[in-house]
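# What the coordinates show
The lines below spell out each chain.
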Amino acid sequence: MTNLFYTAPDALSLWFMAIIVIVFTAGAFYGADYLKAYRSHKRELRLHVLNYAAVFASMLALPMISNAVAFLVAWEIMALGSFFLIIFESWKPETIKAGINFFIQSHISVVLLTIGFLMMYDKTGSFDFAAIKACSTANPGTCGWPFALICAGFAVKAGFVPFHTWLPVAHPAAPAHISGVMSGVIIKIGIYGIFRAITLFEINFATAGKIILAVAAVSGLYGVMMAIVQHNLKKLLAYHSIENIGIIGIGIGLGCMAKGMGLPTVASLAFAGALMHTLNHALFKSSLFFTAGNVYQAAHTLNVEQLGGLFRRLPLTGFYFLIAAVAICGLPPMNGFVSELLIYLGLFDSLGQMPALSQLGITASIVALVLIGGLAILCFTKAFGIVFLGESRSELPEMKEFGALRSVPLAVLAALMLSVGLCPGFYVGLINNILPELGCRSVALSGTVSTIGIASACLIAVVLLLALVRRLATRRKPVSEGETWGCGYTVPSSKLQYTATSFVKTYSQTFKGILKSGFIDKAAASYIRFTERFAFLQNGRLQSYILYGIVFIVVTILLTMALC
Amino acid sequence: MLSILLIFAAALFFSGIIVRTKSVCAGRRGPGIFQPLKDVVRLFRKGTVYSTSSTVIFRVAPLVYMASVLMAVACIPFGSRPGLISFEGDFVFFAYVLSLGKFFCIIAALDTASSFEGMGASRESFYSMLAEPAFFLIMGSLALITGNTSFSGIFASLQTYGSFFGFGAALVMAVLLLLVSMIENSRLPIDDPKTHLELTMIHEVMILDNSGFDLGLILSTGYLKFAMYGAVIANLFLCGSTACSVGIFALVQVLCAVAIGLTESFMARFRMNHNPEFIFSLSAAAFIILFTIVNL
């Protein structure tokens with residue numbers, strides 16, 4: 001009897017398990033309150049809660065499993081469970097459509113993983129992860145294809161371009177806590193898989209890293225560029241998940257490149273940045289989806305063009321959204337800055353040590369990361385400014401702030417985000433335990449990391465100090481309220497406000513070539529045109545289908561005979 | 001510490017020098033060199049009017065804007081002397097903390113529910129996003145030349161006067177940084193601070209609703225930002241003893257201010273839809289510098 005689990009989960013497993021526990025627990029509390037709106041749907045609720053527990057359990061098991069078959073079984077439980085979680089509102093046809101899209105795509109991932117593991121079984125005769133490691137260490141460079149297939153399988157789950165198409169469909173359809181959990185951790189299990197594959201396989205990391213880096217940079221830019229023009233708040237956030245997976249991927253790709261080229265400092269910085277960003281994205285993206293859920297249940301719409309001025313009606317929701325928005329833009333003093341800084345340091349460090357052509361790639365990645373940061377600011381100033389500030393753009397229903405069951409999980413997530421920003425040293429210390437497992441040294445940046453924390457704390461202190469100065473200076477000054485200056489126009493109305501469309505108009509006109517290029521859609525359309533030629537096979541006659549089955553079996557037998 | 005004091009001192013004169021240059025070029029007597037400061041002091045003494053549409057964001061934003069620039073100033077070294085905040089990758093912190101200030105300015109503009117301010121916010125967020133790669137590419141090439149990733153490390157080991165190439169590269173970078181600073185400070189040729197039509201403004205229209213102390217804070221932050229970029233440029237050329245360095249610092253700041261004044265006197269603002277092209281060309285130039293250095 002082989003051992004299906006690691007006897008002691010290593011630091012990599014523990015890191016991901018911690019992330020899973022944090023987000024799933026927060027999601028459970030938030031979801032308990034969110035689902036109160038669906039009290040009449042008893043049957044769906046029962047199935048939903050059961051599946052939530054099943055997905056949680058299988059997610060916790062995945063990082064501990066050390067056997068390919070057991071891994072695939074747990075993976076399948078997770079995929080099926082998430083499918084049921086997504087189609088909670090199964091009475092809506094578009095939810096079912098989104099669910100089936102997810103269902104198919106997650107099984108493409110399963111197929112790729114299965115083939116990859118079977119190829120390794122063919123080499124080793126065992127499904128054990130230890131055997132995979134032993135085989136690929138003994139014959140380095142021979143396991144490139146299984147590694148590529150397994151990584152592609154994980155990339156589908158993680159949502160790298162071009163496997164991202166399920167994200168913007170599934171997230172808006174799912175209930176808010178499920179979107180939060182899905183974007184926060186379920187796509188991260190794909191990242192875990194890629195990291196696990198890096199620890200198991202001994203391949204040409206330089207080449208693999210270049211491919212991952214290119215895919216990731218494209219994912220990051222594409223995700224944020226598409227996010228800006230979305231008007232459905234949850235769809236916007238879903239595209240941002242693609243962007244953040246891209247940032248994580250830039251870290252992984254650079255780490256692999258550096259590992260393959262023998263640059264240990266760069267590799268440890270890049271991997272540390274990627275691992276840190278995995279945690280950070282789990283924290284701020286789940287907060288963002290939870291707050292988006294509040295917006296949806298209060299205003300009954302997610303269309304940003306109809307929202308506005310929610311900050312006065314839902315102050316806590318707005319506050320947590322703002323904190324998470326600052327964090328996702330990678331701005332100090334929040335957590336996103338720490339992980340992006342680690343990746344930047346890796347990129348700048350590697351610049352002087354790589355061959356000329358790779359330097360071109362590294363420079364392009366730096367530009368990509370800078371642009372991602374700038375575009376994220378454009379996107380989240382739009383999201384926060386249009387939804388929460390100004391005046392409402394349509395007749396919104398009466399609303400009041402939600403209770404503690406929602407605000408406490410959000411407060412905990414916000415506190416965790418701030419703690420990463422203020423004491424990054426603690427978290428980098430945890431990651432330093434993981435790096436040896438990825439074949440790198442620990443990050444030797446204790447000075448830098450503690451200074452970041454101090455600088456972030458100083459920033460907050462300076463803001464408070466300035467507030468005090470202003471209070472003292474304006475104590476005796478008259479403060480009055482008046483209408484917004486209309487530049488001479490005297491009958492302002494909320495209809496005159498800048499809308500989300502007009503806010504990003506300059507952007508969408510400048511980049512319309514890229515936004516309207518149909519990056520994936522054109523390829524998908526031509527693929528569908530191609531497959532339509534075979535539509536005659538699906539003729540609805542039972543006899544034909546039986547014939548196909550017989551032909552398939554005969555061909556399989558003949559092929560096996562011919563090959564053996 | 002020295003760099004912070006010098007930047008504050010430079011901030012006192014910078015805008016005044018621009019204004020003087022413009023009035024000399026236009027053949028006017030013009031206001032005195034301290035007029036911008038007097039304006040700010042007058043604003044600090046005034047009361048404040050807040051829009052009924054605005055929330056607490058609108059009141060916090062000027063504080064965050066000022067704090068972000070103060071933190072960025074604290075990162076800047078003086079030659080080989082590190083700034084108050086100095087760590088590997090501190091120029092990333094510099095750029096990102098400035099973005100935090102911008103983030104709050106933009107949402108504060110949206111907070112007023114004014115269409116004009118929304119327009120300014122939209123333009124500001126878009127143009128500054130485009131300008132950022134240029135700064136990072138310049139810092140990347142400096143990091144590549146010196147093998148350091150912190151401001152103080154870079155400027156301590158930079159050999160501007162070692163060769164014609166070094167000096168030439170520093171000059172080109174100085175010009176690019178000056179142009180970046182003009183974009184970040186919303187000056188010509190991207191934005192005209194003296195225009196009288198809200199439709200053609202970028203930064204000015206974002207702060208239409210700020211008044212009193214808040215407006216004073218925003219204006220003085222702008223002066224500080226000028227001197228801050230001037231200090232980054234000056235760091236490229238510092239050498240010799242402290243006294244000599246201070247002299248060079250002052251000279252570079254004055255030259256930058258005069259250059260901005262001359263540009264504003266003899267150029268018109270670009271059409272809005274030409275701005276992205278101009279900003280892209282800056283990044284392209286920075287890219288070329290980086291590649292020249294890579295291939296040396």
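Residues numbered from 1 in each chain as written. Chains lettered and ligands numbered in written order. Predicted model: local features only at pLDDT ≥ 70, side-chain atom pairs only at ≥ 80, totals over all residues.

## Description of the overall build of chain B
If you tally the helices and strands in chain B, you get eleven helices and one strand. Taking 296 residues into account, the globule formula puts the C-alpha radius of gyration at 19 Å, and chain B, at 19 Å, falls close to it. Reported as C-alpha extents along the three principal axes, the dimensions of chain B are approximately 60 × 35 × 35 Å. (Helix = DSSP H or I, 4+ residues; strand = E, 2+ residues; numbered from the N terminus. Rg over C-alpha atoms; globule rule 2.2 N^0.38 Å.)

## Looking at the packing of helix α8 (residues 176-200) of chain A against helix α11 (residues 264-299) of chain A
All names here are of chain A. Relative orientation of the contacting elements α8 and α11 amounts to 160°, with a least axis distance of 7 Å. Between α8 and α11, the interaxial angle falls into the category roughly antiparallel. Crossing handedness for the pair α8 and α11: right-handed. Contacts from A176, H177, S179, G180, V181, S183, G184, V185, K188 and I191 of α8 reach α11 at T278, A282, K285, S286, F289, F290, A292, G293 and Y296. For the contact of α8 with α11, the class distribution of residues is nine nonpolar, eight polar and two charged. (Axes fitted to C-alpha atoms, helices over the stretch in contact; angles between N-to-C directions. Parallel < 35°, antiparallel > 145°, perpendicular 65-115°, else oblique. Left-handed = near helix turned anticlockwise from the far one by under 90°. Contact = placed C-beta atoms within 7 Å. Nonpolar A, V, L, I, M, F, W, Y, C, P; charged D, E, K, R; others polar.)

## Describing helix α3 (residues 68-86) of chain A
All names here are of chain A. For α3, with 19 residues, the first-to-last C-alpha span of 26 Å sits near the 27 Å given by 1.5 Å per residue. Along α3, the residues classified as buried are A68, F71, A74, W75, M78, A79, G81, S82, F84, L85 and I86. Contact partners of the buried residues in α3: α2 (42-61), α4 (93-124), α7 (167-173) and α8. (Expected span 1.5 Å × (residues − 1). Buried ≥ 20, exposed ≤ 12 C-beta atoms within 10 Å, placed from the backbone.)

## Examining helix α15 (residues 356-388) of chain A
Here α15 of chain A spans 47 Å end to end across 33 residues, near enough to the 48 Å set by a 1.5 Å rise per residue. In terms of burial, α15 of chain A is a largely internal element, 26 of the 33 residues being buried.

## Comments concerning the interface of chain A and chain B
The accessible area lost on association of the parts is a frequent measure of interface size. Tallying the contact residues gives 68 residues for chain A and 62 residues for chain B. Elements with a contribution of two residues or more to the side of chain A that touches chain B: α12 (310-313), α14 (335-351), α15, α18 (446-473), β1 (479-482), α19 (500-503) and α20 (505-510) of chain A. If you tally residues by element for the side of chain A that touches chain B, the top one is α15 of chain A, at 15 residues.

## Describing the packing of α11 of chain A against helix α13 (residues 315-328) of chain A
Residue and element names in this part refer to chain A. Viewed as axis vectors pointing N to C, α11 and α13 meet at an angle of 145°, and their least axial separation amounts to 9 Å. The element α11 and its partner α13 pack so that their crossing is left-handed. Together, N280, F284, S287, L288, T291, N294 and V295 of α11 and T317, Y320, F321, A324, A327 and I328 of α13 make up the contact between the two elements. Looking at the contact of α11 with α13, its residues break down into eight nonpolar, five polar and no charged.

## Overview of the domain arrangement of chain A
Split by domain assignment, chain A resolves into domain 1 (1-202), domain 2 (204-307 + 325-375 + 400-471 + 512-520) and domain 3 (534-563). One C-alpha centre belongs to domain 2 of chain A, the other to domain 3 of chain A; they are set 49 Å apart. (Domains from an automatic or database assignment.)

## A short note on the environment of P140 of chain A
Residues and elements named next belong to chain A. Within the fold, P140 resides in the loop between α5 (129-138) and α6 (144-158). With 11 C-beta atoms counted inside 10 Å, the residue P140 sits in the exposed group. Sequence separation between P140 and N204 is 64 residues, and the spatial gap between their C-alpha atoms is 7.9 Å.

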